[in-house]
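Architecture at a glance
The lines below spell out each chain.
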Amino acid sequence: MKTLDLDISGMTCAACVGRVERGLKKVAGVQDAAVNLATERASVTFDPALTTPAALVQQVHDTGYEAVTAQTTFPVAGMTCAACVGRVERALNKVGGVLSASVNLATERASVTYLPAATSVGALQEAVREAGYDVPEDANASNAAQSRLEAERGRKAAELATLRRDLLISAAFSIPLFLLAMGPMLYMPLHMWLLEHVGEQTLNWLMLMLAAPVQFGTGWRFYRTGWAALKHRSPDMNTLVMLGTSAAFGYSLLVTLAPQLFPPSNRHVYFEASGVVITLILLGKLFEAIAKGQSSEAMRTLLALQPQTARVQRGDSVQEIPAEAVRVGDLVLVRSGERLPVDGEVTAGGSYVDESMLTGESVPVLKEAGAKVTGGTVNGTGALTLRATGVGADTALSRIIRLVEEAQQSRPPIQGLADRVVNVFVPVVLAIAALTFAVWLLLGGEGALSNALIHAVAVLIIACPCAMGLATPVSIMVGSGRAAQMGLLFRSGAALEGLGEAEVVALDKTGTVTQGQMEVTDVLPAQGWSREELLRVTAAAESSSEHPLARAIERAAAFAPALPSSPSQATDFQAVVGYGVRASVGGQRVEVGAARFMEQLGVPLGSLGGQAEQLAAQARTPVFVAVGGQLAGLIAVADPVRAGSVQAIETLKAQGLEVAMMTGDTRATAQAIAAEIGVERVLAEVLPEGKAGAVAELQAGNKKVAFVGDGINDAPALAKADVGVAIGSGTEVAIETADVILMSGDLRGVPNAIALSRATLRNIRLNLFWAFAYNVALIPVAAGVFSRFGLNLSPVLAAAAMGLSSLFVLSNALRLRGFKKISG
């Protein structure tokens, strides 16, 4: 099975979403289809043996909408015959998202029609290279070098321009139409003057000429998609607008052409209702499009981080080429202040690099030879030369963008309620409108026909389910985008929802709560020894050891000031299993090990023995050092708690969560760490294969558990938990298994992620409440149920209210852009 993304234009409400989904699922070989109104994108899982991308695009078209496609041409070098042409075409057609590809041997150019949501020009060119041919740089192919961001912006800008144009045209006709219709009602002398000097029939014809260009010009979009929806027995917002305005226009047209067919009390025209309703709906759609553009600002920010060009050393020369043309292994030169175009490893130079776009942390990180760097981060004042290790879609930034897009595209469980309601909502509204018309026609008395028409049209207009369709996806879109800016990556909308519902947070100790690397915590020299001398002698003795304790002591000694009498390298090294090590350093015998080693050697511990017991109670490992048979001092080594772990746990508790720690350490060591960080529930001596079982133990009583880990052995627990959270500095396996990724590796990201998840859930619930309550409350008013109390809703006011409901949902979701960290 393959998954293909399609950008879809023309959708306006939740009913459109359902219609596109049902249409795609009808295609043979399609296993699943999920459509998101906020991102205007469909994700289709299908069997490539049974269907093709072109068939999916055609199905979208047949359903009444359009899948966005793009075309590009670029040169191909190295072809010599027709067989070469066929080989290149086959390579291009194998790329997911390619609809058609043709190659011309004479001009040596490839022309490709593709889906920009599913692939890129860089991927197409790479497929040609993998087929054994070259893709020279083409200065004339500006469209080939156009980034996806620019293409997306261009499409959105074109849509906005069309909406603005239609709105201006519609307003130019509707405003005088409204004044002509309503002015006389508000000022009786004007009404009498018009009747006397112009005549009612002439006025009707004048209003018809003003209303027709709106109804069948700028309003034709509602006919085009509304009729298609009706034909597919899936009425949507466009259907409701089409039926409502057509009813008002058609009735008025008949009154104008054949007034004798109606009793005098019903010879009123409603051209202003149809014209102004269309204008107000277009105004609402314009505001909606602008707000939706703001909701994807975080996504555009991420895309904008991708540099367009790179300076690459090829032979003896340095060339500036498109970033997507960089290949793995290329040497890339980065000047001060520039963004790194690709992932790589520094081979020369040194500089502080701002990785805030990746981790959310503002402090620049020193990068020297051998250090890993990430594309999109900002170089500081130094110059760097790096060897490319990740290019194009394989860069960390590209993977982050894919994760965010997938999260925005996915459907959280809470949306199921909205989907179920919308599936029956529009048909029910049509039935209510028909019932409203019938009741008013039968019981309305004088002017029954006019009242029936007005109330039925108001019901159709007020009930457009735009707000329902946007309520969930736009909040997920803004929330996941804000999370990415904070260094928090949610894999799906379900993860964004699930984390906020967690009741227990289980933390793996090593590498999550702690740094995952042994460090020297205490140096207690005996009389006659300095701290620096003790570290130097011990490090020299341990230099041949492979134990993590030895590495920790060596790192500590490297930062100790060098002394004139610094010891030379150790000789005669010997590891005493279970006790420690011994070696000769500077002609003296040095022994390093546990207390039992000193006892075996007959070296008295003195007061350092008691201090060692205190350190052991604090989960630190005491190491004694003897030189020439005399005690030289005590060094304590531990895996220190990460900076911010204590604050993170305090914040989690303040959020009402139960916090547990899971570790393979002995219970005594685990309890010592737990006491230091403030965790009461400890699961100690848990073997790697038992971590998933430990998570299941925490889930007893149907509790929702979020597990936070970083290692390969955490993968089963991450998968077993209701929500798995991986520390971004951990292994790839943990990151691939998790639902949420903390890019910075700082545990304070967990309470931030939970707070953002809860804020997003509250936002969605408020949106859904508004969307549902709004329709439930106003449909009876529109139907005229409260007419006897003087409470009515005209079609014009209904159109304005409908637009305001969508704007409320969008503006409410946009509040998530201002979410602030609560920890760190």
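Residues numbered from 1 in each chain as written. Predicted model: local features only at pLDDT ≥ 70, side-chain atom pairs only at ≥ 80, totals over all residues. Heavy atoms only, no water.

Moving on: helix α30 (residues 795–814). Spanning 20 residues, α30 covers 29 Å between terminal C-alpha atoms, matching the ideal 28 Å at 1.5 Å per step. Most of α30 is tucked away, with 14 of its 20 residues classed as buried. (Helix = DSSP H or I, 4+ residues; strand = E, 2+ residues; numbered from the N terminus. Expected span 1.5 Å × (residues − 1). Buried < 20%, exposed > 50% of the residue type's maximum accessible area, 1.4 Å probe, protein only.)

In this sheet, strand β10 (residues 331–334) lies alongside strand β8 (residues 309–314) in antiparallel orientation, the contact comprising three bridges. Bridge pairing links R311 to L333 in β10. Sheet topology note: the β10/strand β16 (residues 384–390) ladder contains four bridges and is antiparallel. Looking at the pairing, L333 lines up with T385 of β16. (Pairing = 2+ DSSP bridges.)

The next point concerns the confidence of the model for the protein. Overall, the prediction assigns the protein a mean pLDDT of 83, with 90% of residues at 70 or greater. Ignoring residues within four places in sequence, the model shows residues 139–146, a span with pLDDT below 50, making twelve contacts including any to other chains. (pLDDT = per-residue confidence, 0-100. Contact = heavy atoms within 4.5 Å.)

Time to look at the sheet that holds strand β5 (residues 70–75). Reading across the sheet, the three strands line up as β5-β7-β6 and stay open at both edges, with antiparallel pairing between neighbours. Strands at the two margins of the open sheet, each flanked by one partner only, are β5 and β6 (98–104). This sheet shows a mean twist of 15° between the axes of neighbouring strands, independent of strand direction. Summarising the sheet, β6 and strand β7 (residues 109–114) pair through six bridges and their orientation is antiparallel. Paired with V98 across the bridge in β7 is Y114. Each of β5, β6 and β7 is contacted by helix α3 (residues 82–93), which is oriented at about 160° to β6, the strand it contacts most. With respect to the sheet, helix α4 (residues 121–130) is in contact with β5, β6 and β7, its orientation differing from that of β5 by roughly 40°. (Axes fitted to C-alpha atoms, helices over the stretch in contact; angles between N-to-C directions.)

Moving on to the UniProt feature "domain: HMA" (unreviewed entry) in the protein. Sites flagged by UniProt as "domain: HMA" (unreviewed entry) map to residues 2–68 and 70–136. As annotated, residues 2–68 comprises 34% helix and 34% strand, and the C-alpha atoms at either end are separated by 19 Å. The annotated region residues 70–136 carries 33% helix and 28% strand content, and the separation between its end C-alpha atoms amounts to 21 Å. (UniProt positions renumbered as here; feature names shortened; annotations may be inferred.)

Right, let's talk about a nonpolar patch on the surface for a bit. Taken together, L435, V439, L442 and L443 make up a surface patch of nonpolar side chains, about 460 Å² in accessible area. Looking at where L435 falls in the secondary structure, it is placed in helix α14 (residues 415–443). Residue class for L435 comes out exposed when judged on its relative accessible area of 54%. (Patch = residues over 30% accessible without salt bridge, like charges linked within 9 Å, V, L, I, M, F, W, Y side chains within 5 Å. Areas by Shrake-Rupley, 256 points an atom, 1.4 Å probe, with all protein chains shown as cover. Salt bridge = Lys/Arg side-chain N within 4 Å of Asp/Glu carboxyl O.)

Take unusual backbone geometry next. One non-glycine residue, E108, lies in the positive phi region at around 55°. The residue E108 is located in the loop between β6 and β7 in this model. Classification of E108 as partly exposed rests on a relative accessible area of 35%. Of note in the backbone geometry, N702 takes a positive phi value of approximately 60° without being a glycine. Within the secondary structure, N702 sits in the loop between α26 (691–698) and β27 (705–709). By relative accessible area, N702 is classed as exposed at 73%.

Our next topic: helix α17 (residues 473–485). Here α17 is 13 residues long and its end C-alpha atoms lie 18 Å apart, about the 18 Å a rise of 1.5 Å per residue gives. Burial of α17 is extensive: twelve of the 13 residues sit out of reach of the surface. Of the residues flanking the end of α17, it is G487, one or two places downstream, whose phi is positive at about 80°.

Within the element layout of this structure, S274 appears in helix α10 (residues 271–295). Accessibility expressed as a relative area gives 1% for S274, which makes it buried. A distance of 2.9 Å separates a polar atom in the side chain of S274 from the backbone oxygen of F271. Contact partners of S274, with chain neighbours within four places excluded, come to Q215, T245, A248 and F249. (Polar contact = N/O pair within 3.5 Å; in protein donor to acceptor, adjacent residues only side chain to side chain.)

With that settled, the discussion passes to the sheet that holds strand β15 (residues 378–379). In sheet architecture, strand pairing relies on hydrogen bonds along the backbone and comes in two forms, parallel and antiparallel. The three strands are arranged β13-β12-β15 in an open sheet whose pairing can be described as antiparallel. The outermost strands of the open sheet, each flanked by one partner alone, are β13 (365–367) and β15.

In this section: the packing of helix α15 (residues 448–462) against α30. At a minimum axis distance of 8 Å, the contact between α15 and α30 shows a crossing angle of 5°. Taken together, the axes of α15 and α30 are roughly parallel relative to one another. Contact with α15, carried on its side by I454, V457, A458, I461 and I462, involves P795, A798, A799, A801 and M802 of α30 and no other residues of that element. When its residues are assigned to classes, the contact of α15 with α30 shows ten nonpolar, no polar and no charged. (Parallel < 35°, antiparallel > 145°, perpendicular 65-115°, else oblique. Nonpolar A, V, L, I, M, F, W, Y, C, P; charged D, E, K, R; others polar.)

This paragraph deals with the pattern of salt bridges. Applying the stated rule across the entire model yields 21 salt bridges. For E591, the salt bridge identified is with R582, shortest N-O distance 3.6 Å. Take R582: its relative accessible area is 22%, and that puts it in the partly exposed class. Within the structure, one salt-bridge network assembled from shared partners comprises R165, D166 and R221.

Scanning the model with the defined rule gives six aromatic pairs in all. Aromatic ring contacts, followed pair by pair, group F216, W220, Y223, F249 and F271 into a single cluster. R596 extends its terminal NZ or CZ atom over the ring of Y579, reaching a point 5.7 Å from the ring centre. (Phe/Tyr/Trp six-rings, centres within 6.5 Å; stacked < 30°, edge-to-face > 60°. Lys NZ or Arg CZ within 6 Å of the ring centre and 35° of its normal.)

Before going further, it helps to examine the nonpolar core. In terms of nonpolar packing, the biggest core is built from 139 residues, with L6, M11, L56, I462, F490, L499 and V750 touching the most fellow members. It is helix α29 (residues 749–783) that provides the largest number of residues to this core, a total of 16 residues. Once you skip the residues sitting within four places of it in the chain, I462 turns out to touch Y774, N775, L778, I779, A782, L793, A798, A801 and M802. Membership of the second largest hydrophobic core comes to 25 residues, among which are V537, V581, V592 and V625. (Core = buried A, V, L, I, M, F, W, Y, C linked by side-chain atoms within 4.5 Å.)

Where helix α18 (residues 493–500) contacts α29, the two axes come as close as 7 Å, and the packing angle between them is 105°. Taken as axis vectors, α18 and α29 run roughly perpendicular relative to one another. For the pair α18 and α29, the contacting residues are L496, E497, L499 and G500 in the first and A753, I754, S757, R758, T760 and L761 in the second. Tallied by class, residues from the contact of α18 with α29 come to five nonpolar, three polar and two charged.

This part takes up the side chain of T45. Structurally, T45 is set in strand β3 (residues 41–46). The class of T45 is buried, set by a relative accessible area of 17%. A polar contact of 3.4 Å, which involves the side chain of T45, links it to the side chain of T3. Not counting the four nearest positions on each side in its chain, T45 is found in contact with M1, K2, T3, G29, V30, Q31 and D32.

So, on to the state of the cysteines. One pass over the structure, following the stated rule, counts zero disulfides. With no disulfide of its own, C81 lies 3.9 Å from the sulfur of C84, the closest cysteine sulfur. The class for C84 is buried, based on a relative accessible area of 8%. (Disulfide = S-S within 2.5 Å.)

Another point: the environment of L180. Within the fold, L180 resides in helix α5 (residues 148–186). Judged by its relative accessible area of 21%, L180 is partly exposed. Here the alpha-carbon distance between L180 and E272, two residues 92 residues apart in the chain, equals 8.6 Å. Those residues within four positions of L180 in sequence are excluded, and the remaining contacts are L203, L206, M207 and L210.

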